[in-house]
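Each chain, letter by letter, is given below.
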Amino acid sequence: MFDHCLYFNTTALARVLEREWTKAFKPFGLTPSQAFMLRAVLAHPGMLQSELAATLAISRSTATRTLDGLQHVGLLQRVATERDGRESAIEPSAAGVALREQLDAASGEVTRRLKKELGPAYFEETVSKVKKVRSVIA
């Protein structure tokens, strides 16, 4: 019925992937959204909140809620910038930094398994095409 529906097929895929990433990050007490955000902050400490939202392709309000959760559990902190007191740079805490290798390993394991199941070329092609569609219709 929905074989040719982009919405149906991408949201169905998103639900399957959400379950996979939820399992991967559950040992850390993090949701996939929190884990990916923390990984982005770990990769680029000092990013502004607006830059973080853009990097993750989420709204600023979604970024705020996710940041609040990560700050509450002590994995990152907001630091006021000198340019504008309303602007915050996001920095990982020592506890956040300590999780870096484990989060990267958990993420890498899911990616390796998916590449094995789909085949590396098909995996890369699919990711590339989904990114292209997202950039065209965004």
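Below or above, wherever it landed, is the structure these notes cover. Remember, predicted model here, so these are calculated numbers, not experimental data.

Each value, and the rule that gives it
Residues numbered from 1 in each chain as written. Predicted model: local features only at pLDDT ≥ 70, side-chain atom pairs only at ≥ 80, totals over all residues. Heavy atoms only, no water. Helix = DSSP H or I, 4+ residues; strand = E, 2+ residues; numbered from the N terminus. Pairing = 2+ DSSP bridges. Salt bridge = Lys/Arg side-chain N within 4 Å of Asp/Glu carboxyl O. Buried < 20%, exposed > 50% of the residue type's maximum accessible area, 1.4 Å probe, protein only. Phe/Tyr/Trp six-rings, centres within 6.5 Å; stacked < 30°, edge-to-face > 60°.

1. Here we look at the environment of cysteine 5
Considering the arrangement of structural elements, one finds cysteine 5 in the segment before helix H1 (6-25). Distance from cysteine 5 to leucine 67, taken between C-alpha atoms, is 34 Å for residues 62 residues apart in sequence.

2. What to know about the sheet that holds strand E3 (residues 88-92)
An order of E1-E3-E2 is seen for the three strands of this open sheet, with the pairing classed as antiparallel. At either end of the open sheet lies a strand with only one pairing partner, and these are strand E1 (47-48) and strand E2 (76-80).

3. A closer look at the pattern of salt bridges
This model, assessed by the stated rule, comprises eight salt bridges. Glutamate 109 serves as the salt-bridge partner of arginine 112, at 3.5 Å between the closest nitrogen and oxygen. Remark: glutamate 109 and arginine 112 occur in helix H5 (residues 94-118); sequence separation between them is three residues, near one turn of the helix. On the basis of relative accessibility, which here comes to 42%, the residue glutamate 109 falls in the partly exposed class. Between arginine 113 and glutamate 117 there is a salt bridge, and its shortest N-O distance comes to 3.6 Å. Of the two residues, arginine 113 and glutamate 117 both sit in helix H5, four residues apart, roughly one turn of that helix. With relative accessibility at 29%, the residue arginine 113 sits in the partly exposed group. A relative accessible area of 55% means that glutamate 117 is categorised as exposed.

4. Details of unusual backbone geometry
What is expected of a backbone is that most residues other than glycine have negative phi and most peptide bonds are trans. Within the chain, alanine 57 stands out as a residue other than glycine whose phi angle is a positive 55°. Relative to the helices and strands, alanine 57 is located in the loop between helix H3 (49-56) and helix H4 (60-72).

5. Observations concerning the packing of aromatic side chains
Enumeration over the complete set of coordinates arrives at four aromatic pairs. Ring centres 5.7 Å apart and planes at 85° place the aromatic pair phenylalanine 25 and phenylalanine 36 in the edge-to-face group. One end of the pair, phenylalanine 25, is in helix H1; the other, phenylalanine 36, is in helix H2 (residues 32-43), and eleven residues separate them in sequence. On the accessibility criterion, phenylalanine 25 (0% relative accessible area) is buried. Owing to a relative accessible area of 31%, phenylalanine 36 belongs among the partly exposed residues under this scheme. Each residue in the set Trp21, Phe25 and Phe36 is aromatic and connected to the rest through ring pairs, giving one cluster.

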